[in-house]
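# Structural characterization, general
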Amino acid sequence: MKTAVIYYSLEGNMEFVAKKIGGNHAADLIRLIPKKEYPTGKVSKYVWGGKSATFGERPKLANETIDLEKYDTLIIGSPVWAGTFTPPVHTFLHDYSISGKNIILVATSMSGEAQKCLAKMKDYLQDNNIIEAFQFVEPLHQKDAGLDEKIRQIRKRIGAEA
């Protein structure tokens, strides 16, 4: 069984989680990279990122084509922007026909309000086996008391831990 963690991260929270999940070669890490990166400044990040997410934009990605055939399990991760997943993840979900896979969904947020985002991701992935969905609150700043336990649960689901 081969696993990939496919994710987008603007300021490092989702990347932190992805690396914890995929550490020690437990999974291939595939970071989605938009051709035009989003700004990270406080105001511009919320204006551009929020607008792009709200209007369902799908930016072009700089990534090479991802061969999903070699993976049984996909862990798909995104920060929550304006109550939904990020535009780069939207592009990925739109551009790839994903079916028959085991899927674990991961969302990072500042508020802990990721259910709507995770539900929208599930809608895109209806032809798959959604194993579980996890949300993390500001993992880089250690604001999620259950961080290590959630990572352990995900790693266990992909056979990386006993």
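Below: a short report on this structure. Because the structure is a prediction, the values reported are computed rather than measured.

Glancing now at the pattern of salt bridges. According to the stated counting rule, one finds 5 salt bridges in the structure shown. We note a salt bridge from Lys143 to Glu138, for which the minimum N-O separation is 3.8 Å. Owing to a relative accessible area of 53%, Lys143 belongs among the exposed residues under this scheme. Overall, the relative accessible area of 13% leaves Glu138 in the buried class. A salt bridge links Arg152 to Glu149; the shortest N-O distance between them is 2.7 Å. Of this pair, Arg152 and Glu149 both sit in helix H5 (residues 147-157), separated by 3 residues, roughly a single helical turn.

Evaluation of the coordinates by the stated rule reveals 3 aromatic pairs. A ring pair is formed by Phe92 and Tyr96, whose centres lie 5.0 Å apart and whose planes are at 40°; its orientation type is tilted. If you follow Lys150 out to its NZ or CZ, it ends over the ring of Phe136, 5.1 Å from the centre.

Within strand S3 (residues 73-81), 9 of the 9 residues are buried, which leaves the element mostly enclosed by the surrounding structure. Relative to S3, strand S1 (residues 3-7) runs parallel, the two being bridged by 5 bridges. The partner of Val5 across the bridge, within S3, is Ile75. By the bridge criterion, 7 bridges tie S3 to strand S5 (residues 102-109) in an arrangement that is parallel. Bridge pairing links Ile75 to Ile104 in S5. Of the strand pairs in this sheet, S3 and strand S4 (residues 84-85) are connected by 2 bridges, and their pairing is antiparallel. By the bridge assignment for S4, Trp81 is matched with Thr84. The turn joining S3 and S4, which pair antiparallel and follow one another in sequence, is formed by 2 residues; a positive phi near 50° is taken by Ala82.

A separate point is the packing of helix H1 (residues 13-22) against H5. Where H1 contacts H5, the axes come no closer than 9 Å and their chain directions differ by 50°. Taken together, the axes of H1 and H5 are oblique relative to one another. Viewed along their axes, H1 and H5 form a crossing whose handedness is right-handed. Of the residues in H5, those in contact with Phe16, Val17, Lys20, Ile21 and Gly22 of H1 are Leu147, Asp148, Ile151, Ile154 and Arg155. Along the lines of polarity and charge, the residues of the contact of H1 with H5 split into 6 nonpolar, 1 polar and 3 charged.

Definitions and limits used
- Residues numbered from 1 in each chain as written.
- Predicted model: local features only at pLDDT ≥ 70, side-chain atom pairs only at ≥ 80, totals over all residues.
- Heavy atoms only, no water.
- Salt bridge = Lys/Arg side-chain N within 4 Å of Asp/Glu carboxyl O.
- Buried < 20%, exposed > 50% of the residue type's maximum accessible area, 1.4 Å probe, protein only.
- Helix = DSSP H or I, 4+ residues; strand = E, 2+ residues; numbered from the N terminus.
- Phe/Tyr/Trp six-rings, centres within 6.5 Å; stacked < 30°, edge-to-face > 60°.
- Lys NZ or Arg CZ within 6 Å of the ring centre and 35° of its normal.
- Pairing = 2+ DSSP bridges.
- Axes fitted to C-alpha atoms, helices over the stretch in contact; angles between N-to-C directions.
- Parallel < 35°, antiparallel > 145°, perpendicular 65-115°, else oblique.
- Left-handed = near helix turned anticlockwise from the far one by under 90°.
- Contact = heavy atoms within 4.5 Å.
- Nonpolar A, V, L, I, M, F, W, Y, C, P; charged D, E, K, R; others polar.

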